[in-house]
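A closer look at the structure
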Amino acid sequence: MTETPFLSHFSPQWTRPEALEQILVQRESLLSDSVEKIRESIVTGNKHHLLFIGSRGAGKTHLITLIHHRLQQADLLDRARFAWLNEDEIATSFLKLLVLIYRSLSERYPDDFPASTIRALAGLDPLAAEDKLGQSLLRDLGNLTLVVLMENLDSLFRTLPESELLRWRAFVQNHPVFATIGTAQALFAGVSERTEPFFGFFDTRHLEPLSVEDARLLLKNIARLQGKTELLEFLETPTGKARVAAIHDLAGGNPRLYLIFSEFLNRTSLNELGASLRGNGGPPTDQLLPGAPPLAHAAPAGNRPTALPPRTPHPGETDRRGTVHHAGHHQRTTPATAGHALPAFPVARSRGLLRTG
Amino acid sequence: MRHVKYHHTQMSSNPGGQLAPNQIVGRDDLIANMWSVLEGRSIYMNDLRRIGKTQIMVKMHSSPPSDWLTAKCDLGGIHTAAEFATQTYRLSATALSDTQRVLRSMNRLLGQAGGLEIAGLIKLPDGTPAPWKEVLRRTFDDVEAAMRDRGSGHRMLFLWDEVPFLLSNISHRESPEVAMQVLDMLRALGQDHDRIRLLLTGSIGLHHVLTGLKAQGYNGSPLNRMDHVQPGPLTPKHGVELARTLLQGDGIRCDDWDQCATELASAVGHVPFYIHRLVSRLPKADTATPKTIQDLLDREITADTNDWDLQHYRDRLRPYYGPDEKLALGVLDAVAVNEPLDFQAMVREVNLSGAVDDERLRALLKLLCQDHYLTRTSENQYRFYLSLIRRWWRLSRNLS
């Protein structure tokens, strides 16, 4: 019996990249363009610093997971090293940021970036430690390019004082061997205001919400991936399209919502859900349609179904032996956790429409 | 060592990133002129943020004339005079590493028998930090001697970026007095070492830092002996060339490449960073036209949340000009609508009531030019320094 591919709702980096590729909609051009820019950073002296901006659930991690995945090609692996920082770890100084980067490299490339380098910093004053670690990083990197993936860059900028931001920026400017792939939930002053050290430093790209058609394609891709042929066919019908449009009014084009819906959708539930949202016995539309809080904001980080497992190895990372690491299915969202994520969706919860298909 | 060979026949947009020297275009004449100036004196380069000062340094550092040695460093992360001196020593040692010449004077200071520890700071054999003035002076002496050994005409250039941040950092972390001492030391070292030149620049104008230091009692003029260079935007020819190259490199569809490139470069004032940025934001799915380019730019710069931050030029008028803020607004409004304007026309536009003294207006115009709002043409007329700022000014203030 073929196992249904796992699609993590909150941590796409734990989903197999092949599955993420199969369900990707709307952003193929952005993805391929971004991959090309980082590829150029790896093989030429041009270094790009990309920053993807989108609200929670907009697909930022999905996107950078695929950028990372597509860069894992033989012709690039010998020319670059990848440091994917754990989004839950916060740096309060440039030294701490260097430690996070080096530790990430050490876990992935232990022969090139020995863990003893960080242990050897013990007892040094911060300035000396920063200097020593910076020199070690550059030495161990050799003439390769370091691609740093940093999620929640806006949080990092909030915790780093300006003096530390200046140290970081100077280090990057003095050693043009870095390319950056960052994400943020919104444009933030640290990159958008002229008086800030990093003004204009990042090539920012806003993730557009899904259109109705994008959403329908996403649901189709997921249905195809999960072998839900009946739902797939229904999504091609005028009624199916109308039902997706009704959901779109509520979901506001947020990809995560469709991913969550998809787990509990079948032909019947989609039809009933869409009909409810169109006013056939559903709640007043002013509770559900534009103007109501987008559902994407209804799932605070603390409500995530499970915490991320320990840092090693990073999801989706390919170690030097070519092994790709992924999480098991323990992170699958349950109807209960999805219910927590959808407090503003009374009709679906009260009518029991969110059920496994 | 792994060597990578990559044939990239096209340039693609890279707003804010670090460009390879061969992709920094349109600056060759300026750079040639700067090398010529450096034969005689050091340079202070000042201009608006994102005009391309750092890229100019990168290009100069990558291909200096044969009798020049260069060392480049962003000093924005340095917070003490001792760190700065250490960094200068390191830069010099690295730059001279391919020669037989060693930094003899510094080695005498540090002692041959060991005790030298470099980890952000140079320390003497007894473990105490080396005096920063002594490190700077001996390093300059050693570099001067090394250049003399190389033969007549050989010189070394320190390309120092973010010098205003360095001074501001030192002023805050140590004291304004130490920042003043660094400035004086650099001036003195520049006078005493004829084979060493400095090229200083930064994101913010050094004059802002100097103003703060003068308020603390500083009375030096560290920039007096330096040539002042304002790179400005690219020439229209180079701006259009860059725009066309990037449009093609990014795979943007255009019905007429020349029209689109000309419109795009002109709309952002031929500033390379803005050319890169605007190209990067053109939708690839659509065919670009001069109108769609203009519309996109207008949406970008007037959006409630945007990363062009042209509002900065409005907001800083009050702190910069104080009681003359309203007069400055009047001048900028008049130039935005009617540029170019000569002085008499300006008087007619902004001084209808006759309440403003001509000399006060002249002084204000001078400041507006210094702060890169306006520029004075060879015909003695005033216009906006950047057409992008003028464009935003007219949109944001609803001027026709």
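Up top is the structure.
Keep in mind that this is a model prediction, so the values were computed, not measured.

Working definition: the strands of a sheet are paired by backbone hydrogen bonds and lie parallel or antiparallel to each other. Strands sit in the order β10-β12-β11 (chain B) across an open sheet of three strands; the sheet is antiparallel. In the strand order of this sheet, the two ends are held by β10 (341-342) and β11 (374-376) of chain B, each with one partner.

The subject of this paragraph is the interface of chain A and chain B. Interfaces are often described in size by the accessible area the parts lose on coming together. The interface of chain A with chain B comprises 45 residues on the first partner and 51 residues on the second. In total, about 3900 Å² of surface goes out of reach between chain A and chain B, with carbon and sulfur atoms giving 42% of it. The partner of A:Asp131 in a salt bridge is B:Arg90, and the shortest N-O contact between them spans 2.7 Å. Our enumeration of links across chain A and chain B arrives at 26 residue pairs in polar contact (both at pLDDT 80 or more). Counting only elements with at least two residues in the side of chain A that touches chain B, the list comes to α2 (28-43), α7 (126-141), α9 (162-174) and β5 (203-206) of chain A.

Before going further, it helps to spend a moment on helix α3 (residues 81-95) of chain B. All names here are of chain B. Over its 15 residues, α3 extends 21 Å from the first C-alpha to the last, a length consistent with the 21 Å expected when each residue adds 1.5 Å. Taken across its 15 residues, α3 has twelve buried, putting it largely inside the fold. Looking at α3, one finds that the buried residues are Ala81, Ala82, Glu83, Phe84, Ala85, Thr86, Thr88, Tyr89, Arg90, Leu91, Ser92 and Ala95.

The next thing to look at is the layout of surface pockets. Taken as a whole, the second largest pocket encloses approximately 830 Å³ of empty space. Taken together, 23 residues make up the lining of the second largest pocket; nearest its centre are A:Arg205, A:His206, A:Glu208, B:Arg281 and B:Pro283. When residues of the lining of the second largest pocket are traced back to their parent elements, those giving at least two are α2 and β5 of chain A together with α11 (272-281) and α12 (290-302) of chain B. In the lining of the second largest pocket, the residues fall into seven nonpolar, seven polar and nine charged.

When two helices pack together, their arrangement is captured by the angle between the axes and the distance separating the axes. Residue and element names in this part refer to chain B. Where helix α16 (residues 343-350) meets helix α17 (residues 358-370), the axes come as close as 11 Å, and the angle between the chain directions of the two elements is 110 degrees. One finds that α16 runs roughly perpendicular with respect to α17. Where α16 approaches α17, its residues Phe343, Met346, Val347 and Val350 are matched on the opposing element by Asp358, Leu361, Arg362 and Leu365. The class makeup of the residues in the contact of α16 with α17 is six nonpolar, no polar and two charged.

Conventions adopted
Residues numbered from 1 in each chain as written. Chains lettered and ligands numbered in written order. Predicted model: local features only at pLDDT ≥ 70, side-chain atom pairs only at ≥ 80, totals over all residues. Heavy atoms only, no water. Pairing = 2+ DSSP bridges. Helix = DSSP H or I, 4+ residues; strand = E, 2+ residues; numbered from the N terminus. Contact = heavy atoms within 4.5 Å. Buried area = accessible area lost by both parts, 1.4 Å probe. Salt bridge = Lys/Arg side-chain N within 4 Å of Asp/Glu carboxyl O. Polar contact = N/O pair within 3.5 Å; in protein donor to acceptor, adjacent residues only side chain to side chain. Expected span 1.5 Å × (residues − 1). Buried < 20%, exposed > 50% of the residue type's maximum accessible area, 1.4 Å probe, protein only. 1 Å grid on protein atoms, 1.4 Å probe; cavity = no way out; pocket = protein on both sides within 12 Å on 5 of 7 lines; lining within 4 Å. Points joined across faces, edges and corners; volume = space filled by probe spheres on them. Nonpolar A, V, L, I, M, F, W, Y, C, P; charged D, E, K, R; others polar. Axes fitted to C-alpha atoms, helices over the stretch in contact; angles between N-to-C directions. Parallel < 35°, antiparallel > 145°, perpendicular 65-115°, else oblique.

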